[in-house]
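Residues per chain, in single letters:
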Amino acid sequence: MIITRRALLIGAGATLAGCDRLARNDLVREALFSSENFHKWAQRRLLARDALAHEFRADQISPVFRANGTANPNTDAYKMLWRGGFADWRLRVSGMVARPLSLSLPQLHALPHREQITRHDCVEGWSAIGKWRGVPLKRVLDAAGLRDRVRYIVFRCADHMGDGRPYYESIDLTDAFHPQTILAFALNDRPLSVANGAPLRLRVERQLGYKHAKYLMEISAVESLAGIGKGKGGFWEDHAGYDWYAGI
Ligand SMILES: Nc1nc2c(c(=O)[nH]1)N[C@H]1C(S)=C(S)[C@@H](COP(=O)(O)O)O[C@H]1N2
Ligand SMILES: [Mo]
């Protein structure tokens, strides 16, 4: 069929107006109608991915926000940072960026914040509602300046799983620039506890729990996930076959 993907994306309305003669052909007309369906479908998908996760009321916050996975990285490096009240901790922003950054907690605190009461859903079968405060990831990425070819943001964490393999995760730019995707430093109006990912963790509210990387050390902008870990985009993706896309 001679209808290009570009024509499909422009939409059947424009295509019909411009191709009246072609549309008299039954076969072509059929394709146009299916292109219209495709357009509607694509738009719905895009809207769905941009839609906000449900936000809850303060009285719906869970009394306890349980910890899962690593509850304390317990490495010498992390213990040193914790003892110093994370004064020496820095979030590195690296990879395909115009301006690599190294941000302290006070610098992150000084950026505009977002607060959101959301439900965390873990694949292991539990959920909890918590109030998160943090800096929209978009702010940090805009400050660093993403290069044109960037497709993913990779998060590297301070904790090592099992035989010393670091926890890491990655998301695409749709999730990275989603308004509810924040680098959270507070849970329920208190500084993030060690169990929940101190001093900084990702909240990516349209995704399942394992995408919400705790103990953040580095954020990297990359074009491909191929060279990272075993190439599946995250610790559980690499080692347990979890889906990279864990949208909810
Ligand atoms: N660095 C790191 N991040 C992590 C994990 C982990 O073990 N290490 N576990 C993940 C999983 S499976 C879940 S459900 C959430 C749990 O967050 P919580 O401990 O605040 O409940 O963190 C996610 N992020
Ligand atoms: Mo989880």
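Residues numbered from 1 in each chain as written. Chains lettered and ligands numbered in written order. Predicted model: local features only at pLDDT ≥ 70, side-chain atom pairs only at ≥ 80, totals over all residues. Heavy atoms only, no water.

**Topic: the overall build of the chain**
Reasoning step 1: Regarding its fold elements, the chain presents 9 helices and 10 strands.
Reasoning step 2: The 248 residues of the chain split such that 46% are buried.
Reasoning step 3: In the chain, 67% of the contacts between residues at least 6 apart in sequence involve partners at least 24 apart.
Reasoning step 4: Surface accessibility of the chain: about 13,200 Å² in total, with carbon and sulfur atoms responsible for 54%. (Helix = DSSP H or I, 4+ residues; strand = E, 2+ residues; numbered from the N terminus. Buried < 20%, exposed > 50% of the residue type's maximum accessible area, 1.4 Å probe, protein only. Contact = heavy atoms within 4.5 Å. Areas by Shrake-Rupley, 256 points an atom, 1.4 Å probe, with all protein chains shown as cover.)

**Let's talk about the pairing of strand 6 (residues 165–172)**
Reasoning step 1: With 6 of its 8 residues buried, strand 6 lies for the most part within the structure.
Reasoning step 2: Where strand 5 (residues 152–161) meets strand 6, 7 bridges bridge the pair, whose relative direction is antiparallel. Each residue of the ladder has a partner; that of isoleucine 153, found in strand 6, is isoleucine 171. (Pairing = 2+ DSSP bridges.)

**Things to note about the pattern of salt bridges**
Reasoning step 1: What the rule picks out here adds up to 16 salt bridges.
Reasoning step 2: If you follow the salt bridges from partner to partner, you end up with Glu115, Lys131, Arg133 and Asp189 in one network. (Salt bridge = Lys/Arg side-chain N within 4 Å of Asp/Glu carboxyl O.)

**Some words on the nonpolar core**
Nonpolar side chains in soluble globular proteins tend to be buried together.
Reasoning step 1: In terms of nonpolar packing, the biggest core is built from 52 residues, with Trp89, Leu91, Ile153, Phe155 and Leu183 touching the most fellow members.
Reasoning step 2: Here this core takes 6 residues from strand 7 (residues 182–187), the largest share from any one element.
Reasoning step 3: Beyond its immediate stretch of four places on either side in the chain, leucine 91 contacts Leu101, Ser102, Leu103, Leu183, Leu200, Leu216, Met217, Glu218 and Ile219.
Reasoning step 4: Val154, Tyr168, Val222 and Ile228 belong to the second-largest nonpolar core, a separate cluster that totals 6 residues. (Core = buried A, V, L, I, M, F, W, Y, C linked by side-chain atoms within 4.5 Å.)

**Here we look at helix 7 (residues 137–144)**
Reasoning step 1: Of all the positions in helix 7, only Leu137, Val140, Leu141 and Ala144 are classed as buried. The buried residues of helix 7 occupy one face: seen down the axis, they fall within an arc of 95°.
Reasoning step 2: Following helix 7 by one or two positions, glycine 145 adopts a phi angle in the positive range, close to 75°. (Arc of directions from axis to C-beta.)

**Looking at the sheet that holds strand 6**
Reasoning step 1: The mixed open sheet is built from 5 strands, whose spatial order is 2-1-10-5-6. Where the open sheet ends on each side, the last strands, each with one partner, are strand 2 (101–103) and strand 6. Adjacent strand axes in the sheet meet at a mean angle of 20° when their direction is disregarded.
Reasoning step 2: Of the pairings in the sheet, the one linking strand 5 to strand 10 (residues 216–222) comprises 6 bridges and is antiparallel in character. Counterpart to phenylalanine 155 in the pairing with strand 10 is isoleucine 219.
Reasoning step 3: In the packing of helix 7 onto the sheet, the strands contacted are strand 1 (91–95), strand 2, strand 5, strand 6 and strand 10, and the crossing angle to strand 2 comes to about 140°. (Axes fitted to C-alpha atoms, helices over the stretch in contact; angles between N-to-C directions.)

**What about the packing of aromatic side chains?**
Reasoning step 1: Throughout the structure, instances matching the rule amount to 9 aromatic pairs.
Reasoning step 2: An angle of 25° between the planes, with centres 5.6 Å apart, marks the rings of tryptophan 236 and tyrosine 242 as stacked.
Reasoning step 3: The structure contains a cluster of three or more aromatic residues connected by ring pairs, namely Tyr167, Tyr210, Phe235, Trp236 and Tyr242. (Phe/Tyr/Trp six-rings, centres within 6.5 Å; stacked < 30°, edge-to-face > 60°.)

**A closer look at the side chain of histidine 178**
Reasoning step 1: Note on placement: histidine 178 falls in the loop between helix 8 (173–176) and strand 7.
Reasoning step 2: Accessibility expressed as a relative area gives 3% for histidine 178, which makes it buried.
Reasoning step 3: Among the polar contacts listed, one links the side chain of histidine 178 to the backbone nitrogen of glutamine 180, at a separation of 3.0 Å.
Reasoning step 4: Beyond its immediate sequence surroundings of up to four residues, histidine 178 is in contact with Arg49, Asp50, Ala51, Leu52 and Arg206. (Polar contact = N/O pair within 3.5 Å; in protein donor to acceptor, adjacent residues only side chain to side chain.)

**Side note on the confidence of the model for the chain**
Should the pLDDT be low somewhere, the predicted coordinates at that spot are not to be read in detail.
Reasoning step 1: In the predicted model, the chain carries a mean pLDDT of 88, and 82% of its residues have values of at least 70.
Reasoning step 2: This stretch, residues 1–19, has a pLDDT under 50; its non-local contacts, to residues over four places away or in other chains, come to 19 contacts. (pLDDT = per-residue confidence, 0-100.)

**Comments concerning the site of ligand 1**
Reasoning step 1: Lining the immediate environment of ligand 1, one finds 21 residues, of which Arg66, Asn68, Thr70, Asp159 and Lys214 sit closest.
Reasoning step 2: Within the contact set of ligand 1, an oxygen atom lies 2.9 Å away from a side-chain nitrogen or oxygen of asparagine 196.
Reasoning step 3: Note that a nitrogen atom of ligand 1 is positioned 3.0 Å from one of the backbone N or O atoms of histidine 212.
Reasoning step 4: Computed on the free molecule, ligand 1 has an accessible area of 530 Å², of which 99% lies beneath the protein chains in the complex.
Reasoning step 5: Of all the elements in the fold, those that place two or more residues in the shell around ligand 1 are strand 3 (114–122) and strand 5.
Reasoning step 6: Class assignment of the residues belonging to the shell around ligand 1 gives a composition of 10 nonpolar, 7 polar and 4 charged. (Near = heavy atom within 4 Å. Nonpolar A, V, L, I, M, F, W, Y, C, P; charged D, E, K, R; others polar.)

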